[in-house]
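Descriptive structure summary
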Amino acid sequence: DQSGSFVGNTATITQSGGVVGSSSENTATITQEGDENTATIRQSNGTTGAGASTLNTAVVTQTGDFNTATVFQQPGADGASSNNTATIEQTNDDNG
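Residues numbered from 1 in each chain as written. Predicted model: local features only at pLDDT ≥ 70, side-chain atom pairs only at ≥ 80, totals over all residues. Heavy atoms only, no water.

**Considering the overall build of the chain**
When its secondary structure is counted, the chain shows zero helices and ten strands. Counting every position in the chain, which comprises 96 residues, the buried fraction comes to 31%. The contacts of the chain with a sequence gap of at least 6 include a subset with a gap of at least 24, amounting to 72%. (Helix = DSSP H or I, 4+ residues; strand = E, 2+ residues; numbered from the N terminus. Buried < 20%, exposed > 50% of the residue type's maximum accessible area, 1.4 Å probe, protein only. Contact = heavy atoms within 4.5 Å.)

**Brief notes about unusual backbone geometry**
Unusually for a residue other than glycine, Asp35 sits at a positive phi of about 70°. Take Asp35: it is sitting in the loop between strand 4 (27-33) and strand 5 (38-44). The residue Asp65 is not glycine, and still its phi comes out positive at about 70°. Relative to the assigned elements, Asp65 resides in the loop between strand 7 (57-63) and strand 8 (68-74).

**What to know about the sheet that holds strand 2 (residues 10-16)**
Spatially, the three strands line up as an open sheet ordered 2-5-8, and their pairing is parallel. Two strands close off the open sheet at either side, each with one partner strand: strand 2 and strand 8. Recorded for the sheet is a direction-independent mean angle of 0° between the axes of neighbouring strands. Examined bridge by bridge, strand 5 and strand 8 share seven bridges and lie parallel to one another. When the bridges of strand 8 are listed, Thr40 appears paired with Thr70. (Pairing = 2+ DSSP bridges. Axes fitted to C-alpha atoms, helices over the stretch in contact; angles between N-to-C directions.)

**What to know about the nonpolar core**
The tendency in soluble globular proteins is for nonpolar side chains to be buried side by side. Counting residues in hydrophobic clusters, the biggest one holds nine residues: Ala11, Ile13, Ala28, Ile30, Ala39, Ile41, Ala58, Val60 and Ala69. At the level of secondary structure, the elements contributing two or more residues to this core comprise strand 2, strand 4, strand 5 and strand 7. Other than its neighbours up to four places away in sequence, Ile41 contacts Ile13, Ala28, Ile30, Ala58, Val59, Val60, Thr70, Val71 and Phe72. (Core = buried A, V, L, I, M, F, W, Y, C linked by side-chain atoms within 4.5 Å.)

**Some points on the side chain of Asn37**
Following the sequence through the fold, Asn37 ends up in the loop between strand 4 and strand 5. In terms of polar contacts, Asn37 uses its side chain to reach the backbone carbonyl oxygen of Gly64, at 2.4 Å. (Polar contact = N/O pair within 3.5 Å; in protein donor to acceptor, adjacent residues only side chain to side chain.)

Okay, here's the thing in structure tokens:
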């Protein structure tokens, strides 16, 4: 599990199974209050293997100002991706 709380910064969390592994049952949380607010969460398995990306949870909460959020939940080249959950909550200002 990984989480971060960032004020006025860019936040990125990457959870990966490595080159051939799987990425499963990870939780990533980013909370940002005010200012430019850019958040990215990447949850994926390895880059070449058949590992799965399953049961991952990503949560981004942004309050105030520019508010841009992206969540990627994906398998590698041959893997499966299922039962992942992503929540993005943005309040006030530009909400991208």
